[in-house]
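So the chains spell out like this:
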Amino acid sequence: QLWEHGLSWKQMFFENYLADMISDTNGSLPENTIVLCQDYIFSLKIRQISGSIELKNTFERLPNLSSLDLTYGEKKMGMDYER
């Protein structure tokens with residue numbers, strides 16, 4: 001998995017951390033979170049975002065972001081799924 005993140009453990013940590021934060025908070029991140037990790041974010045794989053959220057402000061503050069894999073929807077809905 002390290003090779004997917006430029007062979008850098010820092011890059012891997014910050015990319016996974018930010019992707020998890022975006023998924024968990026539906027895009028509303030504290031300013032200091034992005035400032036701390038912006039230099040290490042080159043690729044993001046966000047696997048779960050529900051609803052319509054505004055990510056423009058987040059992505060504008062990631063100058064090195066060159067690859068984005070984004071999945072809208074919920075995982076593991078089970079029997080609670082309603083259309």
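Residues numbered from 1 in each chain as written. Predicted model: local features only at pLDDT ≥ 70, side-chain atom pairs only at ≥ 80, totals over all residues. Heavy atoms only, no water.

Remark: the centre distance and the inter-plane angle together describe each pair of aromatic rings, the angle taken between the planes. Taken as a whole and judged by the stated rule, the model has 3 aromatic pairs. Ring geometry for Phe13 against Phe14: centres 5.2 Å apart, planes inclined by 75°, an arrangement best described as edge-to-face. On the basis of relative accessibility, which here comes to 18%, the residue Phe14 falls in the buried class. Arranged with centres 5.8 Å apart and planes meeting at 10°, the rings of Phe13 and Tyr17 form a pair that is stacked. Taken together, the positions of Phe13 and Tyr17, both in helix α1 (residues 9-25) and 4 residues apart, correspond to about one turn of that helix. (Phe/Tyr/Trp six-rings, centres within 6.5 Å; stacked < 30°, edge-to-face > 60°. Buried < 20%, exposed > 50% of the residue type's maximum accessible area, 1.4 Å probe, protein only. Helix = DSSP H or I, 4+ residues; strand = E, 2+ residues; numbered from the N terminus.)

What follows is about α1. End to end, α1 covers 24 Å across 17 residues, agreeing with the expected 24 Å (1.5 Å per residue, within 8%). Residues of α1 that are buried in the fold lie against α2 (31-37), β1 (43-49) and α3 (56-60). (Expected span 1.5 Å × (residues − 1). Contact = heavy atoms within 4.5 Å.)

This brings us to the layout of surface pockets. Put simply, the largest pocket is a space of about 200 Å³. The wall of the largest pocket is formed by 13 residues, among which His5, Glu15, Asn16, Ala19 and Lys45 lie closest to the centre. Those elements giving two or more residues to the lining of the largest pocket turn out to be α1 and β1. Taken together, the residues of the lining of the largest pocket sort by class into 3 nonpolar, 5 polar and 5 charged. (1 Å grid on protein atoms, 1.4 Å probe; cavity = no way out; pocket = protein on both sides within 12 Å on 5 of 7 lines; lining within 4 Å. Points joined across faces, edges and corners; volume = space filled by probe spheres on them. Nonpolar A, V, L, I, M, F, W, Y, C, P; charged D, E, K, R; others polar.)

Moving on to the pattern of salt bridges. When their charged atoms lie close together, side chains carrying opposite charge are able to pair. In this structure the tally under the stated criterion is 3 salt bridges. Taking the shortest distance from any N to any O, the salt bridge between Arg61 and Glu31 comes out at 2.1 Å. One end of the pair, Arg61, is in the loop between α3 and β2 (67-72); the other, Glu31, is in helix α2, and 30 residues separate them in sequence. With a relative accessible area of 23%, Arg61 lands in the partly exposed category. Residue Glu31 is classed as partly exposed on the basis of its relative accessible area of 46%. Taking the shortest distance from any N to any O, the salt bridge between Arg47 and Asp69 comes out at 2.8 Å. (Salt bridge = Lys/Arg side-chain N within 4 Å of Asp/Glu carboxyl O.)

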